[in-house]
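Single-letter residue listing:
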Amino acid sequence: MRNFDYARAVSPAEAVRQHAHGSQPFYLAGGTTLLDLVKLDVMRPDQLVDINRLALKQIEPLPDGRLRIGALVTNTDLAHHSLVRARYPVLSQALLAGASTQLRNKATTGGNVMQRVRCNYFRDGISPCNKREPGSGCAAIGGHNRSVHAVLGTSEHCIATHPSDMCVAMRAIGARVAVEGPHGPREIDFADFHLLPGDTPWKEHALQANELITHITLDAPLAGSCSGYLKLRDRASYQFALASSAVIVVMDGQRIREARIAMGGVGTRPWRAREAEASLAGQTASMDVFAHAASIALQDAHPYAHNAYKVQLGQQAIVRNLRDLTSQERS
Ligand code: SF4
């Protein structure tokens, strides 16, 4: 076990100040990713700044219809909040599809956004892994890449999927990430927050040094929409997505007025399928229309030795979700 300093902050500004003192500092909230990886010696903090006492546990409706979520709201509290269940069922379902009850009780909204990949080679601490050890290579590309490796957004330097279900729902809904930093507060569009691996896979997000997530603000829900999250995985009790879809649709009788689709388990970041969405607008709902949209969503897929099945599985996650949502609306 390596030694590290521990500090507790009582305001975001103080947390940012304390964080700036370490050379390898990390913010500690629920700890459901961080403490695992510290114990595995994959993350090596020299300082932990505990932010659990910050006043960031509120869920507040804004006058313009958006919903502001404190970074320390737990996944359980967010999933069961009455406004989330009523206005954003896709988010509630995604949260409840993630992890276990015990983990959801500890995991926070900000931490979920920041969670690290589940690639075994990243976590074993010894295999070549550009994310853990820049320039060392990627053991997954020629190794076992069946379950937590992507077919969209990969590079020759990293192919790990982003593991979050919550973020897939937020990608479909639209959101902004509010952060506090050394130069004051700013906001980042959720679509720009998670980075593609490219040739710098160790850079996973758009945060600058010492910045702290304080809130996530969801866009107002689409008027008249219904939404749902479908997660396909090896075990329904507890497992990361092999493929998932977050779908939001607005129907006009038999026609799809507007649709939004985001995917999990297939991309190196929460993946929005905008071309597939455009193909659905104005169409009469049918299995052929859904299948066409799903094929567009995966048209740029680049499978590896063991995960080619994800192309079809990702398509099925979209088709089934669209079928279920549109049949509910039409019945
Ligand atoms: Fe590391 Fe990414 Fe390769 Fe996994 S896929 S070994 S996380 S570089």
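Only a predicted model underlies this, so the values are computations on that prediction, with no experimental measurement involved.

Trainee: Describe in detail the sheet that holds strand β4 (residues 59–61), supporting the description with residues and values.
Mentor: Spatially, five strands are ordered β4-β5-β8-β6-β7 in an open sheet, and the strand pairing comes out antiparallel. Each end of this open sheet is capped by a strand with a single partner; those strands are β4 and β7 (184–189). Within this sheet the neighbouring strands show an average axis-to-axis angle of 20°, counted without direction. Direction of pairing for strand β6 (residues 175–181) relative to strand β8 (residues 212–218): antiparallel, over a ladder of six bridges. Across the sheet, the residue bridging to glutamate 180 is leucine 212, located in β8. Relative to β8, helix α9 (residues 166–173) is tilted by about 50°, and along the sheet it contacts β5 (67–70), β6 and β8.

Trainee: Which residues make up the pattern of salt bridges, and what values do they have?
Mentor: Within the structure shown, the criterion is met by 17 salt bridges. Across the pair arginine 132 and aspartate 124 runs a salt bridge whose closest N-O atoms are separated by 3.7 Å. The class for arginine 132 is buried, based on a relative accessible area of 17%. Via salt bridges that share partners, Arg2, Asp41 and Arg44 belong to a single interconnected network.

Trainee: Summarise the side chain of lysine 231; cite the residues concerned and give the values.
Mentor: By the secondary structure assignment, lysine 231 is in strand β9 (residues 225–232). Of the residues examined, lysine 231 reaches a relative accessible area of 12% and is grouped as buried. For lysine 231, the side chain forms a polar contact with the main-chain oxygen of glutamine 239, separated by 3.0 Å. What lysine 231 contacts, discounting residues up to four positions off in sequence, is Ala97, Gly98, Asp165, Gln239, Phe240, Ala241, Ala243 and Ser244.

Trainee: A description of the domain arrangement of the protein chain should follow, citing residues and the corresponding values.
Mentor: Domain boundaries assigned for the protein chain yield domain 1 (1–49) and domain 2 (225–330). Computed from C-alpha atoms alone, the centre-to-centre distance between domain 1 and domain 2 is 37 Å.

Trainee: Go over the environment of arginine 44, please, and point to the residues and values.
Mentor: Here arginine 44 is to be found in the loop between α2 (34–39) and β3 (47–50). Separated by 235 residues in sequence, arginine 44 and serine 279 have C-alpha atoms that sit 46 Å apart. Contacts of arginine 44, omitting those with residues within four sequence positions, involve Arg2 and Gln24. Within the structure, the side chain of arginine 44 is placed 3.3 Å from the side chain of aspartate 41, a separation counted as a polar contact.

Trainee: An account of the site of the ligand is requested, with residue identities and associated values reported.
Mentor: Around the ligand, a shell composed of 16 residues is seen, among which Cys119, Cys129, Cys138, His157 and Cys158 lie nearest. Residue composition of the shell around the ligand, by class: 12 nonpolar, three polar and one charged.

Trainee: Can you break down the side chain of glutamate 14 residue by residue, with the values?
Mentor: Along the chain, glutamate 14 turns up in helix α1 (residues 12–19). Among buried charged residues, glutamate 14 stands out as having no salt bridge; its nearest opposite-charge side chain is arginine 17, 5.6 Å away. Glutamate 14 has contacts with Arg8 and Ala9, leaving out every residue within four places of it along the chain.

Trainee: An account of the pairing of β9 is needed here, citing residue identities and associated values.
Mentor: When you tally the buried positions in β9, you get seven out of eight residues, the bulk of the element. Strand direction decides the pairing type here: β9 and strand β10 (residues 243–252), joined by eight bridges, are antiparallel. Following the sheet pairing, tyrosine 229 is matched in β10 by alanine 246.

Trainee: Give me the nonpolar core: which residues, what numbers.
Mentor: The nonpolar side chains of soluble globular proteins are, as a tendency, buried together. Formed by 39 residues in total, the largest nonpolar core has its most connected members in Leu78, Leu91, Met170, Ile213 and Leu218. Elements supplying a minimum of two residues to this core: β5, α3 (75–80), α5 (89–96), α9, β6, α10 (190–193), β8 and β10. The biggest single contributor to this core is α9, with seven residues. When residues no more than four places from it in sequence are discounted, the contact partners of leucine 218 are Arg66, Leu67, Ile69, Tyr88, Leu91, Met170, Ile173, Gly174 and Ala175. Counting 29 residues, the second-largest nonpolar core is a separate cluster that includes Leu280, Ala297, Leu298 and Val311.

Trainee: Please give an account of the state of the cysteines that cites residues and values.
Mentor: One pass over the full model with this rule turns up zero disulfides. Cysteine 167 forms no disulfide, and the closest cysteine sulfur to it belongs to cysteine 158, at a distance of 16 Å. Cysteine 167 gets classed as buried once you look at its relative accessible area, which sits at 0%.

Trainee: Quick rundown of α1? Include the residues and the values.
Mentor: For α1, the complete set of buried residues consists of Glu14, Ala15, Val16, Gln18 and His19. Buried residues belonging to α1 abut β1 (5–8), β2 (25–28), β3, β6 and β8.

Criteria and thresholds
- Residue indices begin from 1 for each chain and proceed along its sequence in written order.
- The model is predicted, so local features are restricted to residues of pLDDT at least 70 and side-chain atom pairs to those at 80 or more, both for listing and for counting; the totals for chains, interfaces and linings are taken over all residues.
- Side-chain measures here rest on the full set of heavy atoms in the structure, leaving out hydrogens and waters.
- A strand pair is defined by DSSP finding two or more bridges across the two strands.
- Note on conventions: DSSP H or I runs of at least 4 residues are helices, E runs of at least 2 residues are strands, and numbering of each starts at the N terminus.
- Every angle, taken between N-to-C directions, lies between 0 and 180 degrees, and every axis is a line fitted to C-alpha atoms, over only the stretch in contact when it is a helix.
- Residue contacts are counted whenever heavy atoms from the two residues lie within 4.5 Å of one another.
- What counts as a salt bridge is simple: a side-chain nitrogen of Lys or Arg found within 4 Å of a carboxyl oxygen of Asp or Glu.
- Three exposure classes are used, based on accessible area relative to the maximum for each residue type with a 1.4 Å probe and protein chains only: buried under 20%, partly exposed in between, and exposed over 50%.
- Polar contacts, as used here, are pairs of N or O atoms within 3.5 Å; protein pairs need one atom able to donate a hydrogen and one able to accept it. Residues neighboring in sequence count only if both atoms are side-chain atoms.
- These domain boundaries are the output of an automatic or database domain assignment.
- Whether a residue is near a molecule or strand is decided by its heavy atoms; if any one of them lies within 4 Å of it, the residue is near.
- The classification used treats Ala, Val, Leu, Ile, Met, Phe, Trp, Tyr, Cys and Pro as nonpolar, Asp, Glu, Lys and Arg as charged, and all other residues, Gly among them, as polar.
- Think of it this way: Lys and Arg go in the positive column, Asp and Glu in the negative one, and His and the chain ends go nowhere.
- What is meant by a nonpolar core is a set of buried Ala, Val, Leu, Ile, Met, Phe, Trp, Tyr and Cys residues, joined one to another through side-chain atoms within 4.5 Å.
- By definition, disulfides here are pairs of cysteine sulfur atoms that lie within 2.5 Å.

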